[in-house]
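Residue-level structure breakdown
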Amino acid sequence: MNNQVKILGCGLAKAQQKITNFDLEKRVETSDEWIVQRTGISSRYITIDENTSDLAVRASLQAIESAHIQNKDIDVILVATMTPDCLTPSTACLVQAKLGLNDVPIFAIDINAACSGFLYAFQLASDLINRYQKILIIGSETLSKMLNWDDRSTCVLFGDGAGAMIIGQGSSQLFHYANSEGDLSGVLKANGLTLTQNLQNQIPIDQFLTMQGNDVFRFAVRVLKESIENVLKQAHLTIDDIDLIIPHQANYRIINHVAKRMKVDISKFYMNLQEFGNTSAASIPIAYAQAHEAGLIDEHKRVILVGFGSGLTYGATLIDKVGGEECVK
Ligand code: UT7
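The shown structure was predicted, so the numbers you read here are calculated from the model rather than taken from an experiment. (Residues numbered from 1 in each chain as written. Predicted model: local features only at pLDDT ≥ 70, side-chain atom pairs only at ≥ 80, totals over all residues. Heavy atoms only, no water.)

A word on the nonpolar core. One finds I77, F122, I135, I167, I246, Y288 and L305 to be the most contacted residues of the largest nonpolar core, which totals 64 residues. Setting aside residues no more than four positions away along its own chain, L305 makes contact with F118, L119, F122, I246, I284, Y288, G315, A316, T317 and I319. Grouped together as the second largest cluster of nonpolar side chains are 53 residues, I41, C155, Y177 and F308 included. (Core = buried A, V, L, I, M, F, W, Y, C linked by side-chain atoms within 4.5 Å. Buried < 20%, exposed > 50% of the residue type's maximum accessible area, 1.4 Å probe, protein only. Contact = heavy atoms within 4.5 Å.)

Shown next as structure tokens:
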């Protein structure tokens, strides 16, 4: 599908507390060396007392400012998350209230496609753009509340955070691909959520996030390549026509494998996982906002966003000529 939009603004929110690999060495049997070599991650941020909607609001306010619009201009709020504040109201409705928009007519929903959630939300947003003027798309997560801080195979990988983007009608072309492979085997799953305090988690052991890391690794390499190739084909472009690829920030080695298989220089892939770890649905919009802030995205650029996650889900969006306005301070 090919939709025309304009990216009007973007923003991000870091969670309050930075946890380094050295901090985790004191908690579980791991080492900075192992984590860096196997994943590329050096630190991550986790929340102290902010929940998913709070991070979402902070990222949204930055995006609203960079888009030079007012809160009340927003027509739609889509929140991609697998760690909502609660089952209902949706995080999108909480964000609406916290932005002071409870009296403004708004289409507000959450989307759970795990780490692919932002890509799914982006696709829905561009399908809604003919009916609405300004769509706020957020990826926000507090994964720390579903982590077992005694499980070294998962707790070193993830972090909290939020990224936001505002789109309106415009002339950038989007090419989307999204897919899922319904999985009952539990290759990557979690059942429970409570806010973490000082790396303590209160939920029962069978509710923590668990993962078969090697299976997810192989799946990720396969579907990232497939997703990039799909959107390139739709746009009649080759990888050489692309200026920047913003992948889901899970593991440097996964991204490196994809780059090698596609014979693409690794420098074409934007990465901030060293600092943030894997923030699930927030990882792509946080990386987009940082890449923009670093001056890597201007209106002439062709950018691919690509990700994968639990579900199993995956997808990509090719933005042909970002064509946008100022984005992030
Ligand atoms: O958003 C999607 C989220 N998921 C992912 O992206 C995960 C994808 N998978 C991965 O990133 C990698 O599979 C991991 C980083 C999770 C694991 O890396 P690996 O190279 O596949 O290691 P492994 O699971 O094969 O484990 C190798 C060794 C094991 O020890 P033995 O059996 O060889 O003695 C593990 O017990 O490393 C051990 N290990 C650790 N050692 C130190 C596992 N986690 C740790 C740790 N620190 N944190």
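Back to the text.
Two numbers describe how helix α3 (residues 52-66) lies on helix α4 (residues 91-98): the axes approach to 9 Å, and their chain directions differ by 55°. As far as their axial angle goes, α4 and α3 are oblique. In terms of crossing hand, the pair formed by α3 and α4 is right-handed. In this structure, α3 uses T52, S53, D54, A56, V57 and S60 to contact α4, whose residues at the interface are T91, L94, V95 and K98. Broken down by class, the residue content of the contact of α3 with α4 amounts to 4 nonpolar, 4 polar and 2 charged. (Axes fitted to C-alpha atoms, helices over the stretch in contact; angles between N-to-C directions. Helix = DSSP H or I, 4+ residues; strand = E, 2+ residues; numbered from the N terminus. Parallel < 35°, antiparallel > 145°, perpendicular 65-115°, else oblique. Left-handed = near helix turned anticlockwise from the far one by under 90°. Nonpolar A, V, L, I, M, F, W, Y, C, P; charged D, E, K, R; others polar.)

Let us now look at unusual backbone geometry. Of the consecutive residues T88 and P89, the connecting peptide bond is found in the cis state with omega at 5°. Mapped onto the fold, P89 is located in the loop between β4 (76-80) and α4. Following G311, the chain continues to L312 via a peptide bond in cis, the omega torsion being 0°. Structurally, the position occupied by L312 is in the loop between β12 (302-309) and β13 (313-320). Even without being a glycine, H68 presents a positive backbone phi close to 55°. Mapped onto the fold, H68 is located in the loop between α3 and β4. A residue is classified by how much of its surface remains accessible, and H68, at 59% relative accessible area, is exposed. With a phi angle near 55°, S280 is a residue other than glycine that sits in the positive phi range. Topologically, S280 is positioned in the loop between α9 (273-276) and α10 (283-293). In this structure S280 comes out as buried when scored by relative accessible area, which is 1%.

As a matter of local geometry, the ligand sits amid 23 residues, with T30, R38, N214, N251 and N278 nearest to it. Between the ligand and N278, the relevant distance is 2.9 Å, taken from an oxygen atom to a side-chain nitrogen or oxygen of the residue. The fraction of the free accessible surface of the ligand (960 Å²) that becomes covered by protein chains is 72%. In terms of residues, the shell around the ligand owes the most to one element, helix α7 (residues 213-235), which gives 4 residues. Residue composition of the shell around the ligand, by class: 11 nonpolar, 8 polar and 4 charged. (Near = heavy atom within 4 Å. Polar contact = N/O pair within 3.5 Å; in protein donor to acceptor, adjacent residues only side chain to side chain. Areas by Shrake-Rupley, 256 points an atom, 1.4 Å probe, with all protein chains shown as cover.)

Our next topic: the confidence of the model for the chain. On average, residues of the chain score 93 in pLDDT, and 94% of them are at 70 or above. Segment residues 324-329 is flagged for pLDDT under 50; beyond a separation of four residues in sequence, or across chains, it makes 26 contacts in the model. (pLDDT = per-residue confidence, 0-100.)

Right, let's get into helix α8 (residues 252-261). Among the residues of α8, I254, I255, N256, V258 and A259 are the ones counted as buried. Residues of α8 that are buried in the fold lie against α7, β11 (244-247), α9 and β12. By the N-cap criterion, in which a side-chain oxygen at the helix start approaches the backbone nitrogen of a residue two or three places on, α8 is capped by N251, the distance to R253 being 2.7 Å.

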